[in-house]
Amino acid sequence: MPSLKRKRTPASRPPITPRTSGRRLGHRAPSSQAPSTSSVPPQTPTISSASQLRTPYPTDTRIETDRSVRATDDDFDDHVIAAIDMKDHGTVGCSYYSAEEEKMYLLGDSRSGDMETIDALLLQIKPTVVLTPPRVDLSSQSQDQNLAQEDVSSAYLPYQIDIRPTPEFSYSNAESKLLALQISSTHEQRIRFFVPQNGLAGPEEVDPEEMGFTLQEGRLLHISSSVDMENPVTIGCAGAILTYLQRRRAGAPSPLEEGNEYRIRALQMFNLRDTMWINRNTFTSLQIIQSESHPNMFNQGPGKKSASGKEGLSVYGLFQHFAYTPQGRARLKQTFSRPSVDLDTIRERHDFIGVFSRPDNLAALDKMTKALKHIKNLRPVMVNLRKGISTGSAKITGFKTTVWASLLAFAFYSIDINDALREVSGAHILTLRSKALRVFEAAQLYRVGRMVQEIVDIDNSEEQGRTVVKQGIDRELDKIKDRYDGLNSLLRHVALDIAATIPATLDVDVNVIYFPQLGFNVAIPLNDHGGAEYTGSDDDWELMFITENRAYFKDFRMREMDEKLGDIYGIICEKEIEIVYDLAQRVLRYENVLVDASDICGDIDSLLALTQAASFYKLTRPRMVEQNVIRIKGGRHILQELTVSSYVPNDTLLVGGDESETNDASSSTDSNPSMLLLTGPNYSGKSVYIKQVALIVYLAQIGSFVPADSAELGVTDKILTKINTQESVSKIQSTFMNDLQQISLCLKQVTNRSLVIIDEFGKGTNESDGIGLACGILDYLLCLESPAKVIAATHFHEIFENNFLALRPRLHLGHMEVQVREETQEVEDQITYLYNFRPGRSNKSFGTICAAINGIDPAIVSRANEIASLSARGENIVAACAVLSSEEMQDLEEANSLARGFLEIDFSQGGPDHVKAVFEGLFE
Ligand SMILES: Nc1ncnc2c1ncn2[C@@H]1O[C@H](COP(=O)(O)OP(=O)(O)OP(=O)(O)O)[C@@H](O)[C@H]1O
């Protein structure tokens, strides 16, 4: 008996269509052609008998509002709702809710906050909606953000600002709402609070009520375990978010959304204090997450390989290819937006990379990365599973097969990760490993995997676009399925019977087709006039519908089969729905631990991305120390070195705070400088050098290895930059104005643990003002009692020619070496860029040589050289320019004697003839 293979159809409902040919002239025997599934009517209906039973609400209900607040199945994960408040002259509080993680994060109140703090927060959080009370005006911030986004990157999406009444931010509103939260029922919350060390022993062991607390006390205790209630502004913000979520739920058009959307599984504090302060300007200018074009990209100088060398490159871009899971990439991006200032966290990440970089762990690393490539984020999978159950059976039949396939792959591949973690040598020091092993064990991965594998026929499910249950699970279901599969042969026989009743003079193809919703039908091809080639031998044939090629009829045989077998497909689906529903519920018992396991895979994936990048880009482990120091040997710029054929590594030494040199001895290279001031011609590599130092510090603190032969680094709390970028060009204000804003922010934020990067400050105004300001700022930074680490580059040679900036041990001068061969005829060959950092200042201005290289007339260049050196010496340029050539001197002397002779003429003596004779004498 030919078995009926159910093919995927657009609506996933297989029509069964055995076909036989009617008799042609000459009484040919009915064709023995195999049954075909051709001519599937486009209006194939959907199955719903069982689904309607369990679907109390329309399954396609969606909340459609604007981009930021809509909650659909597709973008549900994207929502990040932040609330920000500022009180009492600068206490900033912030909370945010991530729909993807189903978590609310609360910031510790930041007492010295300002709009820049808020900007940094928004940058980190990347919210879709921001709630603020009327007293906080974010409109300028978002305007700026939109501008930046337009011009530079899509990394920072604009957000919707929702100004809410002040009472929504009150502490009392927040407290009552927090206490009413139902998060204590979740496994994770109980464990976090009551048995932090015991890991995942089981929820029943740690119920607060069992420990003798009243419900209210239990909840307060519970909330306080994850939230520091001593942060009133932040707590107020949490209240505003809870009010917002409540309003959203109440406004949902269908109760379907309730409980599914905006659930809060956990509360967690996050603190800017643990995070390095780094603002958008710095992210942009160091090309960390977005691209930057060098101002000279269209005018390449020597050593520049291609104009597009920097375009489109970003540090994050270099690393992200090594993260394979969605949660890993999200975690990696978060790591890049939040470099840490916590030594333990940083060292732990370095330890992880160190362990997995060991040659004897290569096999384990390989096993883990291979496994990670198959792992999906279980958060949306679980949301779909939960929704499928709570929204009724129509959803269940529509359980995307990816739900089961993802679960199955997750279970089995995370077992591989678990095994690899056990095999890794030297990993006992890694707390992430211990945590992962604990969570994987609790998640009962093998059991969950087996449950899914035993029940769900993944291949067939994918083919049919619905969940198909395997043979052997339910005897009755198997029997019905056998009957369904046998339909194929039955229908062929019926088709042959019908064909035998068709007059021999006609040659008609007869098909009998089963549609799950429309039952059994005889399908007859259409003739050239659009009518059926045959319409039945008697009145019994009833035309049901016509498609493009065929007409469909019911006769007594079809009606009889409808009666006996018409529901067969529906019954199969209904049975399968029940089994799958039961399976979904059993899997959901492990929901929290499975989600934890999925998150842990993200953590592991992001750290393995750092590990693989470390080997690919030849990075080394920095030595993180308590001292306030940056000591780099053979440092490289991780992006720039990819764009040049041979990159020249350089050393750096900077010491901040009290450890920097304070005595007034004359400058010496042995002292500990807090400031490095670089000079040198264009293209000599100053900007690359200063950015390289900042990037090494940054990379170390996100937990990555660094591009250097060795690096000894103390923790830096802020990287503050004044660097010209494309972004500044796009701003409404002038470059100088922007420079001033950047530098004033640096000066306001700076601490002795900060790293300040200043690239050519003061270029946008007149020279003397620029020099004055630059000197004033550098001097201010040098004179701080406990100075920050500063690297600055300048073209203002006057600073040194005129001793505007007093030399002192804290200040080291440096330049990027260039080789000059003046004896060479061709001016282009006179200068070679070596890119070596050398102590001391550049003793010559090569600006004019650069001008010559770029095609400026040699006479102009030589004149410019003369004037530049006069100017650098502070001489009177006007007087110097008045010096005349010998020819000019001769002419001048002649004119002089002529004028004197004229003045000596005595016009009172003699008549006109006498005067005429005197004149003629003068001009002879
Ligand atoms: N260490 C290095 N090794 C190799 N090439 C380098 C190095 N540093 C810089 N370069 C090359 O020199 C080019 C110019 O560098 P950079 O922009 O830092 O110069 P600059 O002195 O800051 O110039 P400007 O004063 O015009 O801004 C870079 O684009 C790069 O191609």
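Residues numbered from 1 in each chain as written. Predicted model: local features only at pLDDT ≥ 70, side-chain atom pairs only at ≥ 80, totals over all residues. Heavy atoms only, no water.

Per an unreviewed UniProt entry, the protein chain carries the name DNA mismatch repair protein MSH5 and comes from Penicillium desertorum. According to UniProt, the comment filed for the protein chain under the heading Sequence similarities (unreviewed entry) is "Belongs to the DNA mismatch repair MutS family." (UniProt positions renumbered as here; feature names shortened; annotations may be inferred.)

Here's the deal with the nonpolar core
One finds Phe319, Phe336, Trp404 and Leu594 to be the most contacted residues of the largest nonpolar core, which totals 142 residues. Looking at which domains feed residues into this core, each of domain 2 (319–472 + 579–616) and domain 3 (623–844) supplies at least three. Counting residues in each nonpolar core, the second largest holds 28 residues, with Leu720, Phe761, Ala774 and Ala788 among its members. (Core = buried A, V, L, I, M, F, W, Y, C linked by side-chain atoms within 4.5 Å. Buried < 20%, exposed > 50% of the residue type's maximum accessible area, 1.4 Å probe, protein only. Domains from an automatic or database assignment.)

A word on the environment of Leu642
Inspection of the secondary structure puts Leu642 in the loop between β13 (629–635) and β14 (650–655). Its relative accessible area of 42% is what places Leu642 among the partly exposed residues. Remark: the alpha-carbon pair of Leu642 and Tyr617, spanning 25 residues in sequence, is separated by 9.4 Å. Excluding residues that lie within four positions of it along the chain, Leu642 makes contacts with Leu318 and Tyr617. (Helix = DSSP H or I, 4+ residues; strand = E, 2+ residues; numbered from the N terminus. Contact = heavy atoms within 4.5 Å.)

Let's talk about the site of the ligand
Taken together, 20 residues surround the ligand, and among them Val648, Tyr683, Lys686, Ser687 and Val688 come closest. Within the side chain of Lys686, an N or O atom sits 2.9 Å from an oxygen atom of the ligand. Note that an oxygen atom of the ligand is positioned 3.1 Å from one of the side-chain N or O atoms of Glu760. Isolated, the ligand exposes 640 Å² of accessible area, and the fraction of that covered by the protein chains is 95%. Residue composition of the shell around the ligand, by class: 7 nonpolar, 10 polar and 3 charged. (Near = heavy atom within 4 Å. Polar contact = N/O pair within 3.5 Å; in protein donor to acceptor, adjacent residues only side chain to side chain. Areas by Shrake-Rupley, 256 points an atom, 1.4 Å probe, with all protein chains shown as cover. Nonpolar A, V, L, I, M, F, W, Y, C, P; charged D, E, K, R; others polar.)

Digging into empty space enclosed by the protein
Within the structure shown, the criterion is met by 8 cavities of 30 Å³ or more. Looking at the largest cavity, its volume works out to about 80 Å³. Lining the largest cavity are Leu677, Ile743, Ile758, Glu760, Phe761, Ala774, Ile777, Leu778, Ala792, Ala793, Thr794 and Phe796. Counting only elements with at least two residues in the lining of the largest cavity, the list comes to α26 (767–783) and β19 (789–793). (1 Å grid on protein atoms, 1.4 Å probe; cavity = no way out; pocket = protein on both sides within 12 Å on 5 of 7 lines; lining within 4 Å. Points joined across faces, edges and corners; volume = space filled by probe spheres on them.)

Overview of the packing of helix α10 (residues 326–337) against helix α22 (residues 591–616)
Two measures define how a pair of helices packs: the angle their axes make with one another and the distance between the axes. Viewed as axis vectors pointing N to C, α10 and α22 meet at an angle of 60 degrees, and their least axial separation amounts to 7 Å. Between α10 and α22, the crossing angle belongs to the class labelled oblique. For the crossing formed where α10 meets α22, the hand is right-handed. Packed against α10, whose contacting residues are Gln327, Gly328, Arg331, Leu332 and Phe336, the element α22 presents Ser598, Cys601, Gly602, Asp603, Asp605, Ser606, Ala609 and Leu610 at the interface. Classifying every residue of the contact of α10 with α22 gives 5 nonpolar, 5 polar and 3 charged. (Axes fitted to C-alpha atoms, helices over the stretch in contact; angles between N-to-C directions. Parallel < 35°, antiparallel > 145°, perpendicular 65-115°, else oblique. Left-handed = near helix turned anticlockwise from the far one by under 90°.)

A few points about the packing of helix α11 (residues 343–357) against helix α23 (residues 686–702)
Interaxial distance between α11 and α23 falls to 7 Å at its minimum, and their mutual angle equals 85 degrees. Taken together, the axes of α11 and α23 lie roughly perpendicular to each other. In this structure, α11 uses Ile346, Arg349 and His350 to contact α23, whose residues at the interface are Ala700, Gln701 and Ile702.

Topic: the side chain of Gln701
Locating Gln701 in the fold gives a position in helix α23. Judged by relative accessible area, which is 1%, Gln701 ranks as buried. Here Gln701 is in contact with Met276, Pro339, Ser340, Val341, Ile346, Arg349, Met624, Gly714, Val715 and Thr716, once residues within four sequence places are set aside.

Considerations on the sheet that holds strand β4 (residues 103–107)
The strand order β6-β5-β2-β3-β4-β7 describes an open sheet built from 6 strands, whose pairing is mixed. Because the sheet does not close on itself, it has two edges, and the strands there are β6 (160–163) and β7 (266–270). Pairwise comparison of adjacent strand axes, ignoring direction, gives a mean angle of 20 degrees for this sheet. Across 4 bridges, strand β3 (residues 91–98) lies against β4 in antiparallel orientation. Among the inter-strand pairings, Tyr96 is bridged to a residue of β4, identified as Tyr105. Of the strands in this sheet, β2 (80–87), β3, β4, β5 (129–132) and β6 are in contact with helix α7 (residues 232–251), which crosses β3 at around 35 degrees. (Pairing = 2+ DSSP bridges.)

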